[in-house]
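Summary of structural features
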Amino acid sequence: MAELPFWAECLITFFLILGGSFALIGSLGLARLPDFMTRLHAPTKNTTLGVGGVVLASITYFSASSGVLSMHELLIACFLFLTAPISAHLLAKAALHLELRTVSATQDLRSHPGPFSSAENPDVSTESADNESAPEVKSNNQS
């Protein structure tokens, strides 16, 4: 195998350390944060950036060692950057639907009137018998 130029070794090292740092921070956040929503935020953001750093290091290594620009790793990065936010969104929607417990510091913005409050949206009722913090959605079905 050919010797890599010094600039390529430095760049690969930088991307690997950057990616490993993001992955470590995301993993620590998953282990240490108190509730589901905050635990969901750490790995989806940080580990996505961590894998992005490793993919950039891989692109740099194979491009510098072969002398030809290697872009196969971009397919991995595109797949990751498209699927990670979608899966996190689906998990968050499921958690809201199941009304998972949160710590008191976690903000639930559904209970505060905002620019699109229930006065402007007749399908949303803020009166709920069981849980006052979550608005209840009225069904449009008459059956």
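Residues numbered from 1 in each chain as written. Predicted model: local features only at pLDDT ≥ 70, side-chain atom pairs only at ≥ 80, totals over all residues. Heavy atoms only, no water.

Within the UniProt annotation, "transmembrane region" (unreviewed entry) is assigned to residues 6–28, 49–68 and 74–92. The distance from the first to the last C-alpha atom of residues 74–92 is 27 Å, and the span holds 100% helix and 0% strand. (UniProt positions renumbered as here; feature names shortened; annotations may be inferred. Helix = DSSP H or I, 4+ residues; strand = E, 2+ residues; numbered from the N terminus.)

The subject of this paragraph is unusual backbone geometry. The general pattern is negative phi for most residues beyond glycine and trans for most peptide bonds. Despite not being glycine, Glu99 has its phi angle at roughly 55 degrees, a positive value. Of note, Glu99 is situated in the loop between α3 (73–98) and β1 (124–125). Among the residues examined, Glu99 registers a relative accessible area of 44% and is labelled partly exposed. (Buried < 20%, exposed > 50% of the residue type's maximum accessible area, 1.4 Å probe, protein only.)

Another point: the environment of Thr83. For Thr83, the location among the structural elements is in helix α3. Taking the relative accessible area as the measure of exposure, Thr83 reaches 32% and is therefore partly exposed. In terms of polar contacts, Thr83 uses its side chain to reach the backbone carbonyl oxygen of Phe79, at 2.8 Å. (Polar contact = N/O pair within 3.5 Å; in protein donor to acceptor, adjacent residues only side chain to side chain.)

One way to put it is that helix α2 (residues 36–66) packs onto α3 with a least axis distance of 10 Å and a crossing angle of 175 degrees. Overall, the two elements α2 and α3 adopt an arrangement that is roughly antiparallel. On the side of α2, the interface is formed by Phe36, Met37, Leu40, Thr44, Thr48, Val51, Gly52, Val55, Ser58, Ile59 and Phe62, while α3 contributes Glu73, Leu74, Ile76, Ala77, Leu80, Phe81, Ala84, Ala88, Leu91, Ala92, Ala95 and Leu96. Classifying every residue of the contact of α2 with α3 gives 18 nonpolar, 4 polar and 1 charged. (Axes fitted to C-alpha atoms, helices over the stretch in contact; angles between N-to-C directions. Parallel < 35°, antiparallel > 145°, perpendicular 65-115°, else oblique. Contact = heavy atoms within 4.5 Å. Nonpolar A, V, L, I, M, F, W, Y, C, P; charged D, E, K, R; others polar.)

Enumeration over the complete set of coordinates arrives at 2 aromatic pairs. With centroids separated by 5.6 Å and ring planes inclined at 55 degrees, the aromatic side chains of Phe14 and Phe15 adopt a geometry described as tilted. By relative accessible area, Phe15 is classed as buried at 15%. A ring pair is formed by Tyr61 and Phe62, whose centres lie 5.1 Å apart and whose planes are at 75 degrees; its orientation type is edge-to-face. Given a relative accessible area of 41%, Phe62 falls into the partly exposed group. (Phe/Tyr/Trp six-rings, centres within 6.5 Å; stacked < 30°, edge-to-face > 60°.)

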